[in-house]
Amino acid sequence: MGRTRTFDTGQVIEAARGVFWDLGFAETSVPDLERATGLNRSSLYQAFGSKRGLFDAAVTSYLDDVFRPRLAPLRAAAVSAGALEDYLTGLREAMIEKPSARAANGCLLLAAAGGPLGQDAALQAIVVQYYAELRAAVGAGVAARHPRLSAARAAALTTSCTSFVLSAMALVRADPAAAADMLDAALAAVRDPR
């Protein structure tokens with residue numbers, strides 16, 4: 001009979017997510033994870049199988065607890081005309097104006113994809129899905145804000161705004177001012193799509 005877990009799996013995953021977000025997958029050591037979670041190596045491996053298994057759980061947590069909730073107003077059945085501007089303004093505030101330690105690190109997934117894990121097919125599939133969800137949400141915001149735009153112009157605006165957001169998330173750790181410029185460019189494009 002196995003031992004009963006005496007820890008909150010969600011709290012462990014959240015703590016590990018913070019370490020991976022701060023340091024990256026490759027740079028995160030098992031001792032780093034032990035310190036952050038309060039669990040020893042044996043308990044971590046028993047619960048998650050490997051460092052990678054814990055990382056995969058952290059990515060799922062990131063998508064479910066950070067990424068998707070921020071997109072919720074853009075994924076609603078009825079998207080308000082101001083939802084995309086609110087999203088971009090909120091993102092700018094979270095990453096630049098009043099950054100939390102994690103938001104100032106940009107996107108956990110983009111950072112992982114830029115490292116050694118970027119060659120991993122499973123992570124690539126998650127990043128492709130992440131992009132599709134972000135683009136669809138931005139597209140819904142564009143459609144709500146500018147319902148009379150041609151399909152081609154709406155698609156171009158959606159691509160531009162999505163690209164600006166991804167660029168900002170990739171740049172913010174190294175150059176917050178450039179990330180702010182990317183988000184400002186997205187806001188300007190949404191406000192005046194000419």
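Residues numbered from 1 in each chain as written. Predicted model: local features only at pLDDT ≥ 70, side-chain atom pairs only at ≥ 80, totals over all residues. Heavy atoms only, no water.

> Could you give an account of the side chain of Thr37, with specific residues and numbers?
In this structure, Thr37 sits in helix 2 (residues 30–37). There is a polar contact of 3.2 Å between the side chain of Thr37 and the backbone nitrogen of Leu39. Look past the residues within four positions of Thr37 in its chain and what remains in contact with it is Val12, Ala15, Ala16 and Leu44. (Helix = DSSP H or I, 4+ residues; strand = E, 2+ residues; numbered from the N terminus. Polar contact = N/O pair within 3.5 Å; in protein donor to acceptor, adjacent residues only side chain to side chain. Contact = heavy atoms within 4.5 Å.)

> Provide a residue-level description of helix 7 (residues 121–145), including the pertinent values.
Taking 1.5 Å of rise per residue, 25 residues should cover 36 Å, and helix 7 covers 36 Å from first to last C-alpha, within 8% of that figure. Burial in helix 7 covers these residues: Leu123, Val127, Tyr130, Glu133, Leu134, Ala137, Val138, Gly141 and Val142. In this fold, the buried residues of helix 7 make contact with helix 4 (51–75), helix 5 (83–97), helix 6 (108–113) and helix 8 (151–171). With a side-chain oxygen positioned 3.1 Å from the backbone nitrogen of Ala122, the residue opening helix 7 is Asp120. (Expected span 1.5 Å × (residues − 1). Buried < 20%, exposed > 50% of the residue type's maximum accessible area, 1.4 Å probe, protein only.)

> Residue-level account of the UniProt feature "DNA-binding region" (unreviewed entry) in the chain, with values.
Here, the residues flagged by UniProt with the feature "DNA-binding region" (unreviewed entry) are residues 29–48. Spanning residues 29–48, this segment combines 80% helix with 0% strand, and its end C-alpha atoms are found 15 Å apart. (UniProt positions renumbered as here; feature names shortened; annotations may be inferred.)

> Which residues make up the UniProt feature "domain: HTH tetR-type" (unreviewed entry) in the chain, and what values do they have?
Here the UniProt feature "domain: HTH tetR-type" (unreviewed entry) sits at residues 6–66. End-to-end, the C-alpha atoms of residues 6–66 are 26 Å apart, and along that stretch the chain is 77% helix and 0% strand.

> Pulling in residues and values, what's your account of the pattern of salt bridges?
According to the stated counting rule, one finds 12 salt bridges in the structure shown. The partner of Asp32 in a salt bridge is Arg35, with the nearest N and O atoms 2.6 Å apart. Pair noted here: Asp32 and Arg35 are both in helix 2, with a separation of three residues, about one helical turn. For Arg35, a relative accessible area of 62% puts it in the exposed group. With its nearest N and O atoms 2.8 Å apart, the salt bridge here joins Asp192 to Arg194. Take Asp192: its relative accessible area is 36%, and that puts it in the partly exposed class. One continuous salt-bridge network, built from bridges that share partners, spans Asp64, Arg68, Arg75 and Glu133. (Salt bridge = Lys/Arg side-chain N within 4 Å of Asp/Glu carboxyl O.)

> Before we move on, could you go through the packing of aromatic side chains and cite the residues and values that matter?
The way to describe two aromatic rings as a pair is by their centre distance and the angle between their planes. What the rule picks out here adds up to five aromatic pairs. On the basis of an interplanar angle of 85° and a centroid distance of 5.1 Å, the ring pair of Phe20 and Phe55 is categorised as edge-to-face. Here Phe55 lies in helix 4 and Phe20 lies in helix 1 (residues 9–23), a separation of 35 residues in the sequence. Each member of the pair, Phe20 as well as Phe55, carries the same accessibility label: buried. Geometrically, the ring pair formed by Phe67 and Tyr130 is tilted, given 4.4 Å between the ring centres and 40° between the ring planes. Here Phe67, found in helix 4, pairs with Tyr130, found in helix 7; they are 63 residues apart in sequence, far enough to count as distant. Across the pair, exposure class does not vary: Phe67 and Tyr130 are buried alike. Chaining the aromatic ring pairs together yields one cluster made of Phe20, Phe25 and Phe55. (Phe/Tyr/Trp six-rings, centres within 6.5 Å; stacked < 30°, edge-to-face > 60°.)

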